[in-house]
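Report on the structure
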Amino acid sequence: MMNALEQYDPQIYELIRQEQARQSGAIRLIPSENYVSRAVMLASGGCLTNKYAEGYPGHRYYEGQQVTDLIEKIAQDRAKKLFKADHANVQPYSGSVANMAAYAALVEPGGTIMGMSLADGGHLTHGGKVSFTSKFFKSVSYRVNPEAGRIDFDHVRDLAKQHRPKLIISGATAYPREIDFKIFGEIAQEVGAYHISDIAHIAGLVVAGIHKSPVPYADVVSTTTHKTLRGPRGGMLLCKDEHAKKVDRAVFPGLQGGPHMHTMTAIAVAMAEADTPEFVAYAEQVVKNAKALAEKLLEYGFNLVSGGTDNHLILIDLRNKNIPGKKLAKALDRARIVTNYNSIPNDPSPPANPSGLRIGTPAITTRGMKEEQAREIAKLINKVTENIDNESVIEAVGKEALLLCSQFPVPDHFIKNSNGR
Ligand code: DSN
């Protein structure tokens, strides 16, 4: 495929080659990123990109669905098995659309939704001020406890009782601790709200059994497919049978037209990969690596929101280092360590130049790195932090990072194929 691209569009071929080199020559710590297998890559770049399939298997608005129906059913079945859910919709283009569809399925426009504040680790689509989720719905946000950096369920319950939302969203995008979905389910029941759980970040940890699944406690579970779950860029909704029709109608024809069949095909492949002991071992290592990285950072005097991590991500509060998150993220990027600057709870600085840095371990774990390398990475982060204005040190760290990358090349395959290879 790449040979054909080189021949027909050398300019784009060259840029893809450069991006591939960047991904392989950098320590990628953005917690929502990963490396997919060659099998996932092939499926997402295959001929299914040519097919329109508006509707659902057996009920399409276009002919020629002999193969697409089979693929969508396989993707649905694999997702249902993996997440132990009654129903799966594998059509959402992304997590944002999946969330919007879940809300639209259960709440009338103008109804009240309640999610974690963006500033405290929630996602834009959990009712963030600038998101359409707060324009089409009335949004109420719960905060984390400012000292502990953790969800305060008394506060969530009080707010729910005060505002009587139609739905409560559990889940986050920058929250380093395990979330008790059962309590969220109980609070939702107490106030007569639906419970939607967004597990985009931790889906891989949930299917591996490391974090408890929200499926028994939520009306609808929303996820992306590309973070810890290690599939292509996409979204998915899981729900109880009673909500299946409403959820399906909200996705199509409510919010989307034809599903991206190539992505769905790759999701099917990723679901099979996630249903293996190798995936469980990877997910366990993701958390071990995050804990090792967090412990070493603490030793270097970094303040971590909530004091550490239970999952794949770490949120560093940089105020004691007197370095804005953006400045450190940019310096680290020059040193081949890729992170993202992020708000911390009660951040005195604005989101465009916040006080935090968000890092995570899915991608380095996929490369085979373990606790020893996680600690080494903490050392490199510290070196850049302590020499933030010294370009020659930053360059030297970049060389160390490149060496580490060369020792852990990006693998093509993560699981044995059916021939045992
Ligand atoms: N904003 C993405 C992330 O990086 O967490 C989630 O959509």
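A brief structural summary. Remember, predicted model here, so these are calculated numbers, not experimental data. (Residues numbered from 1 in each chain as written. Predicted model: local features only at pLDDT ≥ 70, side-chain atom pairs only at ≥ 80, totals over all residues. Heavy atoms only, no water.)

A few words on a nonpolar patch on the surface. Residues Met2, Ile12, Leu15 and Ile16 make up a contiguous nonpolar surface patch of roughly 310 Å² in combined accessible area. Residue contributions to the nonpolar patch peak at 3 residues, all from helix α2 (residues 10–24). Along the chain, Ile12 falls in helix α2. A relative accessible area of 39% places Ile12 in the partly exposed class. (Patch = residues over 30% accessible without salt bridge, like charges linked within 9 Å, V, L, I, M, F, W, Y side chains within 5 Å. Areas by Shrake-Rupley, 256 points an atom, 1.4 Å probe, with all protein chains shown as cover. Salt bridge = Lys/Arg side-chain N within 4 Å of Asp/Glu carboxyl O. Helix = DSSP H or I, 4+ residues; strand = E, 2+ residues; numbered from the N terminus. Buried < 20%, exposed > 50% of the residue type's maximum accessible area, 1.4 Å probe, protein only.)

For the rest of this paragraph, the subject is the sheet that holds strand β12 (residues 313–317). Pairing is antiparallel across the open sheet formed by 4 strands, whose spatial order is β11-β12-β15-β14. Of all the strands in the sheet, the pair left with one neighbour each is β11 (303–304) and β14 (340–342). Here β14 pairs with strand β15 (residues 356–360) via 3 bridges, running antiparallel. Residue Asn340 lies in a different strand from β15, and its bridge partner there is Arg358. Contacts from helix α12 (residues 277–299) reach β11, β12 and β15 within the one sheet, and its direction differs from that of β12 by about 15 degrees. Of the strands in this sheet, β14 and β15 touch helix α13 (residues 325–334), which is tilted by about 45 degrees from β15. (Pairing = 2+ DSSP bridges. Contact = heavy atoms within 4.5 Å. Axes fitted to C-alpha atoms, helices over the stretch in contact; angles between N-to-C directions.)

The subject of this paragraph is the site of the ligand. Every residue close to the ligand is listed here: Ser32, His123, Thr173, His201, Lys227 and Arg358. Note that an oxygen atom of the ligand is positioned 2.6 Å from one of the side-chain N or O atoms of Ser32. Here an oxygen atom of the ligand and a side-chain polar atom of His201 are 2.6 Å apart. In the complex, the protein chains occlude 64% of the 240 Å² of accessible area that the ligand would expose alone. Of the residues in the shell around the ligand, the class split is no nonpolar, 4 polar and 2 charged. (Near = heavy atom within 4 Å. Polar contact = N/O pair within 3.5 Å; in protein donor to acceptor, adjacent residues only side chain to side chain. Nonpolar A, V, L, I, M, F, W, Y, C, P; charged D, E, K, R; others polar.)

When you line up the elements, Ile71 lands in helix α4 (residues 66–83). Using a relative accessible area of 14% as the deciding quantity, one classes Ile71 as buried. C-alpha separation for the pair Ile71 and Ala266, spaced 195 residues apart in sequence, amounts to 9.8 Å. The contacts of Ile71, once residues within four sequence positions are left out, are Leu48, Met261 and Thr265.

Quick look at the pattern of salt bridges now. Enumeration over the complete set of coordinates arrives at 19 salt bridges. The residue Glu19 makes a salt bridge to Arg22 at a minimum N-O spacing of 2.8 Å. In this pair, Glu19 and Arg22 both sit in helix α2, 3 residues apart, roughly one turn of the helix. The class of Glu19 is partly exposed, set by a relative accessible area of 32%. A residue is classified by how much of its surface remains accessible, and Arg22, at 35% relative accessible area, is partly exposed. Arg28 is the salt-bridge partner of Glu33, the closest N and O atoms lying 3.2 Å from each other. Connected through shared salt-bridge partners, Arg60, Asp69 and Glu72 make up one network.

The end-to-end C-alpha distance of helix α11 (residues 261–274) is 20 Å, a good match for the 20 Å that 14 residues give at a rise of 1.5 Å each. Of all the 14 residues making up α11, 12 are buried; the element is thus mostly covered by neighbouring parts of the structure. (Expected span 1.5 Å × (residues − 1).)

Our focus in this paragraph is the packing of aromatic side chains. Evaluated as defined, the whole model comprises 8 aromatic pairs. A ring pair is formed by Tyr56 and Phe252, whose centres lie 6.4 Å apart and whose planes are at 70 degrees; its orientation type is edge-to-face. Note that Tyr56 is positioned in strand β2 (residues 55–56) and Phe252 in helix α10 (residues 241–255), a separation of 196 residues in sequence. Comparing Tyr56 with Phe252, the two get one shared label, buried. Look at Phe153 and Phe184: their rings are 5.2 Å apart centre to centre, the planes differ by 75 degrees, and that puts the pair in the edge-to-face class. (Phe/Tyr/Trp six-rings, centres within 6.5 Å; stacked < 30°, edge-to-face > 60°.)

Right, let's get into unusual backbone geometry. A cis geometry characterises the amide bond from Phe252 onward to Pro253, with omega recorded as 10 degrees. Note that Pro253 resides in helix α10. For Arg164, which is not a glycine, the phi torsion comes out positive at approximately 45 degrees. Assignment of secondary structure puts Arg164 in the loop between α7 (153–163) and β7 (167–170). Its identity is not glycine, yet Asn346 carries a phi of approximately 60 degrees, on the positive side. With respect to the helices, strands and loops of the structure, Asn346 is situated in the loop between β14 and β15. Relative accessible area serves as the criterion here: at 46%, Asn346 is assigned to the partly exposed category.

So yeah, pure geometry; function would need other evidence.
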